[in-house]
Amino acid sequence: MNFCSHCGSRDIGLRVPEGDTLPRFVCSACGVIHYQNPQVVVGCLPEYENQVLLCRRAIEPRYGKWTLPAGFLENGESIATGAQRETIEEAGARVEVGDLYTVISLPYINQVYIMFRARLLDLDFGPGTESLEVRLFGEDEVPWEELAFRTITRTLRNYFLDRKRGAFPTHVSTLERRPPVRPELTAAA
Ligand SMILES: [Zn+2]
């Protein structure tokens, strides 16, 4: 942070405010504390008969990879409304938002993913501006190696396992930073 978005001053620095425990960006001119907190990503797992709806990304990161419709929650929006909006924007798909399904913390990038199961209401869907392609996949057709994010892989893996068991509990988990590949191991192999 280079300047204060409240008063415009450049006299801003990281320090622990009185009574707080973490360093924050504090403006020395106006005294405003600029808190930075995680972003919430909301989305749907749209189901139609035995298939799920995926979108192929037309934007970076992960251009060309497949994902479930999801995006950043907006101010003034509930998580279910945000998930429904993202599904319309990215997949042109109308859904009835169902049960909360996965909640995944990503502390290393300061995000929380919240995914709902959803019932696709009709087959009149198509790519929005952020998608190249939208289509339904049966379990055997899911492009597992071409999925955009680990959160999406985890959500879909849970889903197909749960479908076999016939129960869809809410899954709450955390993904840590992926460990770097150790070159000495690659070389030995
Ligand atoms: Zn200020």
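Overview of the structure. (Residues numbered from 1 in each chain as written. Predicted model: local features only at pLDDT ≥ 70, side-chain atom pairs only at ≥ 80, totals over all residues. Heavy atoms only, no water.)

What follows deals with the overall build of the chain. Scanning the chain from terminus to terminus reveals three helices and eleven strands. Listed by position from the N terminus, the elements making up the chain come as β-β-β-β-β-β-β-α-β-β-β-α-β-α. At 20 Å, the chain has a C-alpha radius of gyration far larger than the 16 Å of a compact globule built from 189 residues. Across its three principal axes, the chain shows a C-alpha extent of roughly 60 × 50 × 30 Å. Going through the 189 residues of the chain one by one, you find that 38% of them count as buried. Taking contacts inside the chain between residues at least 6 apart in sequence as the whole, the part at least 24 apart equals 60%. For the chain, the accessible area works out to roughly 11,100 Å², and carbon and sulfur atoms hold 50% of it. (Helix = DSSP H or I, 4+ residues; strand = E, 2+ residues; numbered from the N terminus. Rg over C-alpha atoms; globule rule 2.2 N^0.38 Å. Buried < 20%, exposed > 50% of the residue type's maximum accessible area, 1.4 Å probe, protein only. Contact = heavy atoms within 4.5 Å. Areas by Shrake-Rupley, 256 points an atom, 1.4 Å probe, with all protein chains shown as cover.)

This part is about the environment of Glu74. Residue placement: Glu74 occurs in the loop between β7 (70-72) and α1 (79-91). We classify Glu74 as partly exposed; its relative accessible area is 45%. As for Glu74 and Thr170, which are separated by 96 residues in sequence, their C-alpha atoms are 23 Å apart.

Let's shift gears to the coordination of the zinc ion. The coordination sphere of the zinc ion contains the protein donors Cys4 (SG), Cys7 (SG), Cys27 (SG) and Cys30 (SG), at a distance range of 2.3 to 2.4 Å. One can describe the donor arrangement at the zinc ion as tetrahedral, given that its four donor atoms subtend angles of 104 to 113 degrees at the metal. Mapped onto the sequence, the residues coordinating the zinc ion show the spacing C-x2-C-x19-C-x2-C. The buried category is assigned to Cys27, whose relative accessible area is 1%. Taking relative accessible area as the criterion, Cys30 reaches 32% and is therefore assigned partly exposed. (Donors = N, O, S within 2.8 Å, 3.2 Å for Na, K, Ca; no water. Tetrahedral: all angles 85-135°; square planar, octahedral: opposite > 155°, others 65-115°.)

Moving on, we get to the nonpolar core. By size, the foremost hydrophobic cluster in this structure holds 22 residues, and its most contacted members are Leu45, Val52, Leu54, Leu68, Tyr113 and Leu156. Broken down by element, the residue count for this core peaks at four residues, all from helix α2 (residues 150-165). Setting aside chain neighbours within four positions, we find Val52 in contact with Leu45, Pro46, Arg135, Leu136, Phe137, Leu156, Tyr159 and Phe160. Among the nonpolar cores identified, the runner-up in size contains 15 residues, and Val42, Ala93, Val95 and Val103 belong to it. (Core = buried A, V, L, I, M, F, W, Y, C linked by side-chain atoms within 4.5 Å.)

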